[in-house]
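Reading the structure
Here are the chains, one letter per residue:
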Amino acid sequence: MRCLYLIFTSFDQRATSQQERMPHVQFVLTADDLASFSQATRNEILQRVADVMGSLPPSEVMPAPTLREYFEDIYVADLEDITRKHIGKWMQGLSQSVQDGVRLIAEHGPVIEARHLLDAGISIRHFQSATTRRTRSLTGDNKAFFLAWNVWNGNDDPNGKYAVSPITHQSLRAYFKLPV
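Along each chain, residue indices are assigned from 1 in the same order as the chain's sequence is written. Local features in a predicted model are, by the rule used here, given only for residues with pLDDT of at least 70; side-chain atom pairs are given and counted only at 80 or more, and totals for whole chains, interfaces and linings are based on all residues. Hydrogens and water molecules were not included; the side-chain quantities draw on all heavy atoms of the structure.

Attention shifts here to the nonpolar core. Among buried residues, those of type Ala, Val, Leu, Ile, Met, Phe, Trp, Tyr and Cys that are joined through side-chain atoms within 4.5 Å constitute a nonpolar core. When a residue's accessible area, from a 1.4 Å probe over protein chains only, is under 20% of the maximum for its type it is buried; when over 50% it is exposed; and in between it is partly exposed. The biggest cluster of nonpolar side chains holds 26 residues, and the ones touching the most others in it are Trp-90, Met-91, Val-102, Leu-117, Phe-127, Phe-146 and Leu-172. Residue assignment for this core shows that the elements contributing at least two residues are helix H5 (84-91), helix H6 (96-108), helix H7 (114-119) and helix H8 (124-139). Any pair of residues with heavy atoms lying within 4.5 Å of one another is described as a contacting pair. Apart from the residues lying within four places of it in its own chain, the contact partners of Met-91 are Gln-99, Val-102, Leu-172, Tyr-175 and Phe-176. Only DSSP runs of H or I with at least four residues qualify as helices, and only runs of E with at least two residues qualify as strands; both kinds are numbered from the N terminus onward.

Shown next as structure tokens:
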């Protein structure tokens, strides 16, 4: 899936505080999203993008990796998106070791090697179980997962990779007050 990321920044020139001068809105649009708009709306969005891109220095355009490429060999079926609206509730009541593991993913993810969890003294088996229970409790979906993985044998295998969805990763970064 290819996405178009748009960030619009505007502020009141009379604003006095830094907070008032820095608001922005971020939109993520898929090709299907864009196609669902009227022709006039599509033209307006694309013109805005062209205006912004025209003001940037020229550079070689590199295509963004697709979700499939980004999560190569990682089992992502039933991977849940935990939004910023719900991440605070999701984090409530988690043990310190699970919170530490989640912070590792926020800092280094959305894909991390399992050995990073083990190096931090986190039991992968406990971590995966706790995050799965919490996700299923919050969503009400008994098939939902917080983590995707490429190797799972029920043990603390350091050779695997774990991942959260890009939306969950952004939510975690915001929760831990890391740059998004």
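Read on for the rest.
A strand pair is defined by DSSP finding two or more bridges across the two strands. Strand order in the open sheet formed by 3 strands is S3-S5-S4, and the pairing between neighbours is antiparallel. A single partner strand is all that each edge strand has here, and the edge strands are strand S3 (111-113) and strand S4 (148-149). Here 2 bridges tie S4 to strand S5 (residues 161-163), and the two strands are oriented antiparallel to one another. Each bridged residue has a counterpart across the sheet, and for Trp-149 the counterpart in S5 is Tyr-162.

A separate point is the side chain of Thr-132. Within the secondary structure, Thr-132 is located in helix H8. In protein, a polar contact means a hydrogen-donor-capable atom and an acceptor-capable atom, both N or O and within 3.5 Å, with residues adjacent in sequence counting only if both atoms are side-chain atoms; elsewhere, any N or O pair within 3.5 Å suffices. A distance of 2.8 Å separates a polar atom in the side chain of Thr-132 from the backbone oxygen of Gln-128. Among residues more than four places away in sequence, those in contact with Thr-132 are Ala-144 and Phe-145.

Moving on, we get to helix H9 (residues 166-175). Along H9, the positions that sit buried rather than exposed are Thr-168, His-169, Ser-171, Leu-172 and Arg-173. Contacts from the buried residues of H9 go to H5 and H6. Among the residues trailing H9, Lys-177 stands out with phi positive, at a value near 60 degrees.

When charged atoms on two side chains of opposite charge get close, those side chains can pair. Whenever Lys or Arg places a side-chain nitrogen within 4 Å of a carboxyl oxygen from Asp or Glu, that contact is recorded as a salt bridge. Going through the model one piece at a time under the given rule, you end up with 2 salt bridges. Its salt-bridge partner being Arg-103, residue Glu-107 comes within 2.8 Å of it at the nearest N-O pair. Here Glu-107 pairs with Arg-103, and both are found in helix H6, just 4 residues apart, close to one helical turn. One salt bridge in this structure joins Glu-113 and Arg-115, with 2.9 Å as the shortest N-O distance.

Glancing now at the environment of Val-102. In this fold, Val-102 is placed in helix H6. What makes Val-102 buried here is its relative accessible area of 0%. With 11 residues separating them along the chain, Val-102 and Met-91 place their C-alpha atoms 9.0 Å apart.

It is worth spelling out the side chain of Ser-165 at this point. Within the secondary structure, Ser-165 is located in the loop between S5 and H9. Judged by its relative accessible area of 4%, Ser-165 is buried. Looking at Ser-165, its side chain comes within polar contact range of the side chain of Asp-81, at 2.6 Å.

In this section: the confidence of the model for the chain. Parts of the prediction with low pLDDT should not have their coordinates interpreted in detail. Per-residue confidence from the prediction method is given by pLDDT, with values spanning 0 to 100. With 68% of its residues at a pLDDT of at least 70, the chain reaches an overall mean of 77. Within the chain, H6 carries the highest mean pLDDT (94), whereas helix H1 (residues 18-21) carries the lowest (50).

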